[in-house]
Amino acid sequence: MPSSQTPSIAGTALDPTALRPAIDDAEIIRVAPEALLATLSALRAGGCTMLLDLGAVDYLGRDPRFDVVYHLLALPARTASVAEVGTPRRVRVLCGVGGEEPELATATGLWPSADWAEREVYDLFGIRFAGHPKLTRIQMPADWVGHPLRKDYPLRGPAREATPRPPFPLKSNVPAGAPPSGKVAAALQKQIARARGQEPEKA
Amino acid sequence: MNSIDRGSAPPVTDLGSSMDVVARDGNTMTLSMGPQHPSTHGVLQVVVEVSGEVVESAEMEIGYLHTGIEKSAENLFWTQAQTVIERMDYLNPLGNAMCYVLAAEKLLGITDRIPERAKDIRILLCELSRVASHCVWLGTNGIDLGAISTFFYSFDIREDILDLIEDSGGARMHPNYLRIGGTNGDLPDGFLAKLDALIEKFPKRMRELRTLLQNNPILRDRMIDIGVIPPAQALEWNLTGPALRASGIAYDVRKAFPYGGYEKYTFDVPVRSEGDAYARFLVRLDEMDETMRIVAQVRKELDRPGPVMVDDPKIAQPPKETIALSMEALIHHFKIVSESFRVPPGDVYQAIESPRGELGYYLVSNGNNRPYRVRTRPPSLYNLQALKAMAPGNLIADIVVMIGSLDPVFGEVDR
């Protein structure tokens, strides 16, 4: 689905999903946290039998800060041949969530396989899932402090930040996660405009 | 021999170093199996509650091998991230690379410009990796069940394949040979002759393995009706790959969402409906034959020479010999190596059929020379999770069979 159908949210410049080129990889639905469970239930009832994956992205500086991404797949629930499976429907549900203590409703009631995936999102991003049977850390040790996949979590852990890496002199070597700026941003705008078949704006 | 008094309950004091009694409560006992247990195929801890020898519940602890690959990849260039990504599923590094490369190519918008020969080489190596990975599974699964000698037979095939992978990319396990835009150079001289020898030798080897294992009464007894997953439960627990196809659902990413040129090749998808460990065993064996069918078809395509890298100097490194002669080539080479290339902003989900199931990458780019987010959909993680549903009601010794039949790779589960 083209990006024009993705509702715009505040801070679009920080939201690459709104700028995506026309790639036909799934049907994309963006929902608000309040509507998440209702949307997922409707999709489950509508044939999306599998919750293939559940992950999160930290768009630091955007509001809401996180996107939790659900990848759904509609497979026939009974014994089926290759022809019957055909090309199943793929749906991607994106749900923005932010605040001091980000929290969403759990999907474990709909798909038990969400269990470990939600624990991983909680462990690595600090997003809580209300109603999850056992929301504990899964990859990191139980006494770990912080959520490593957050963009403001230092790459080598807080303890080792005292010895920073030697600076790399290349101008283009911007910190990971920083949005492009200056000439690069301008070039990028042109690239996007070209990809959408529009004439780039004259500065 | 010491005589054991069978009349009273034997005191459970020493079950060996890797099977420790955690707690006892009335008729049930909680045991910790692993993390250093040979049958867990890595570092998996299963905390099982048993009543006698029957499992009441099984909880798993993972994360012992967590190395923060996703975090590392976010901090590396698009070209560099591939090296850490290949280390997730260490039995199928080329599959990981394939998925990542395809996803990045979609974001770059160069999917249609990848040369045919590059696509063929990629498919060839991915399919060979699938056989190599199944060989490891077959060998270790045999050991779990007491059939030690099959390990040597299956590793013989695997060694031949790793030799081919070494010839192509220079390394046995993590060659980093696939590149965004194609492959790193053409196949070397003598590669196709070795491949022909493997294609010729394979059916005989496979027959030997089947004779040893397939109708072996001990193996059949250990696997039939063990760890049964009905189709509805398989979907609920998010199984993919051979585990799902053994439960009767013929979902194969190569057929449902053909990628990277698979639509060109003819192959069948082995499916069984029993859903037990033996069905998963047979599906994988059949899959090895089907895979070699694809390999033989790709072999024919490889007689035709052609370019192996996309014709785009901003993405493809210039050939080494041009660097000394052309200033543009030197500049492009310097730019690609020192700061990689920029990928237009957007997000994409790309899936491939790995030996364990649907391996997916959800990549987000914000227009920079590093991926903004690399989310993996690890098939092993979800397949392994289903053990919670499979284990109750079975004997504790069968947990070993169930783990083996799910074929988890812990580099991928923990990342």
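Residues numbered from 1 in each chain as written. Chains lettered and ligands numbered in written order. Predicted model: local features only at pLDDT ≥ 70, side-chain atom pairs only at ≥ 80, totals over all residues.

Novice: Got a minute to help me understand the overall build of chain A in this structure?
Specialist: In terms of regular secondary structure, chain A is built from 4 helices and 6 strands. In chain A, which comprises 203 residues, the share counted as buried stands at 31%. Considering only residue pairs separated by 6 or more positions, chain A has 56% of its internal contacts joining residues 24 or more positions apart. (Helix = DSSP H or I, 4+ residues; strand = E, 2+ residues; numbered from the N terminus. Buried ≥ 20, exposed ≤ 12 C-beta atoms within 10 Å, placed from the backbone. Contact = placed C-beta atoms within 7 Å.)

Novice: Any chance you could explain the overall build of chain B here in plain terms?
Specialist: Along chain B, the regular secondary structure elements total 17 helices and 9 strands. On C-alpha atoms alone, chain B measures out to a radius of gyration of 23 Å, which is about the 22 Å that the 2.2 N^0.38 rule sets for 415 residues. Overall, chain B is about 90 × 45 × 40 Å in size when its C-alpha atoms are taken along their principal axes. Looking at the 415 residues of chain B, the share that counts as buried comes to 53%. Considering only contacts within chain B whose residues lie at least 6 apart along the sequence, 67% involve residues at least 24 apart. (Rg over C-alpha atoms; globule rule 2.2 N^0.38 Å.)

Novice: Please clarify how the interface of chain A and chain B should be interpreted in this entry.
Specialist: Of the residues lining the interface, 51 residues belong to chain A; the matching set on chain B comes to 52 residues. Elements represented by at least two residues in the side of chain A that touches chain B include exactly β2 (50-58), β3 (66-74), α2 (82-85), α3 (114-125) and α4 (182-195) of chain A. Considering each element in turn, the side of chain A that touches chain B owes the most residues, 6 residues, to β2 of chain A. Grouping the amino acids of the side of chain A that touches chain B by side-chain chemistry returns 32 nonpolar, 13 polar and 6 charged. (Nonpolar A, V, L, I, M, F, W, Y, C, P; charged D, E, K, R; others polar.)

Novice: Is there a simple way to explain the pairing of strand β4 (residues 89-97) of chain A in this structure?
Specialist: Residues in a regular strand point their side chains to alternate faces of the sheet. All names here are of chain A. Of the pairings in the sheet, the one linking strand β1 (residues 27-31) to β4 comprises 5 bridges and is parallel in character. Within β4, the residue paired with Glu27 across the bridge is Val91. Sheet topology places β3 next to β4; 9 bridges connect them, and they run antiparallel. Bridge pairing links Tyr70 to Val93 in β4. (Pairing = 2+ DSSP bridges.)

Novice: Explain the nonpolar core to me, please; I cannot follow it from the model alone.
Specialist: Considering soluble globular proteins, one finds that nonpolar side chains tend to be buried as a cluster. The biggest cluster of nonpolar side chains holds 153 residues, and the ones touching the most others in it are Leu72 of chain A together with Ala104, Leu387 and Ile399 of chain B. Among residues more than four places away in sequence, those in contact with Leu72 of chain A are Leu43, Cys48, Met50, Leu51, Leu52, Val91 and Val93 of chain A. (Core = buried A, V, L, I, M, F, W, Y, C linked by C-beta atoms within 7 Å.)

Novice: Please explain the sheet that holds β3 of chain A as it appears in this structure.
Specialist: By way of backbone hydrogen bonds, the strands of a sheet pair with one another, either parallel or antiparallel. Residues and elements named next belong to chain A. The strand order across the open sheet formed by 4 strands is β1-β4-β3-β2, and the pairing between neighbours is mixed. At either end of the open sheet lies a strand with only one pairing partner, and these are β1 and β2. Adjacent strand axes in the sheet meet at a mean angle of 20°, parallel and antiparallel pairs treated alike. Summarising the sheet, β2 and β3 pair through 8 bridges and their orientation is antiparallel. If you follow Leu54 over to β3, its bridge partner there is Tyr70. (Axes fitted to C-alpha atoms, helices over the stretch in contact; angles between N-to-C directions.)

Novice: Explain α4 of chain A here, please?
Specialist: With 14 residues, α4 of chain A should cover 20 Å at 1.5 Å per step; its first-to-last C-alpha distance of 20 Å lies within 8% of that length. Just beyond α4 of chain A, the residue with positive phi is Gly197 of chain A, at close to 75°. (Expected span 1.5 Å × (residues − 1).)

Novice: Which parts of the structure should I look at to understand unusual backbone geometry?
Specialist: A negative phi holds for most residues other than glycine; trans holds for most peptide bonds. Along the chain, Asp63 of chain A connects to Pro64 of chain A via a cis peptide bond; the corresponding omega equals -5°. One can find Pro64 of chain A in the loop between β2 and β3. The residue Asn238 of chain B is not glycine, and still its phi comes out positive at about 65°. Along the polypeptide, Asn238 of chain B turns up in the loop between α8 (231-236) and α9 (242-245). Owing to 29 C-beta atoms within 10 Å, Asn238 of chain B belongs among the buried residues under this scheme.

Novice: Looking at this structure, how should I read helix α13 (residues 327-339) of chain B?
Specialist: The terminal C-alpha atoms of α13 of chain B, which comprises 13 residues, lie 18 Å apart, in line with the 18 Å expected from a rise of 1.5 Å per residue. Just downstream of α13 of chain B, Ser340 of chain B is the residue with a positive phi angle, here 60°.

Novice: In this structure, what is going on with the sheet that holds strand β8 (residues 357-365) of chain B? I would like to understand it.
Specialist: Residues and elements named next belong to chain B. Taken together, 3 strands build an open sheet; the order of strands is β7-β8-β9 and the sheet is antiparallel. Two strands close off the open sheet at either side, each with one partner strand: β7 (346-354) and β9 (373-377). Neighbour to neighbour, the strand axes of the sheet diverge by 15° on average, direction disregarded. Looking at chain direction, β8 and β9 are connected through 5 bridges and run antiparallel. Each residue of the ladder has a partner; that of Tyr361, found in β9, is Thr376.

Novice: I keep staring at the confidence of the model for chain B and nothing clicks. Help me out?
Specialist: Do not read the predicted coordinates in detail wherever pLDDT is low. Residue and element names in this part refer to chain B. For chain B, the average pLDDT comes to 86, and 93% of its residues sit at 70 or higher. pLDDT under 50 marks residues 1-18. Its contacts with residues more than four places away, or in other chains, come to 7 contacts. For this predicted complex, the interface score ipTM comes out at 0.84, while the overall pTM is 0.84. (pLDDT = per-residue confidence, 0-100.)

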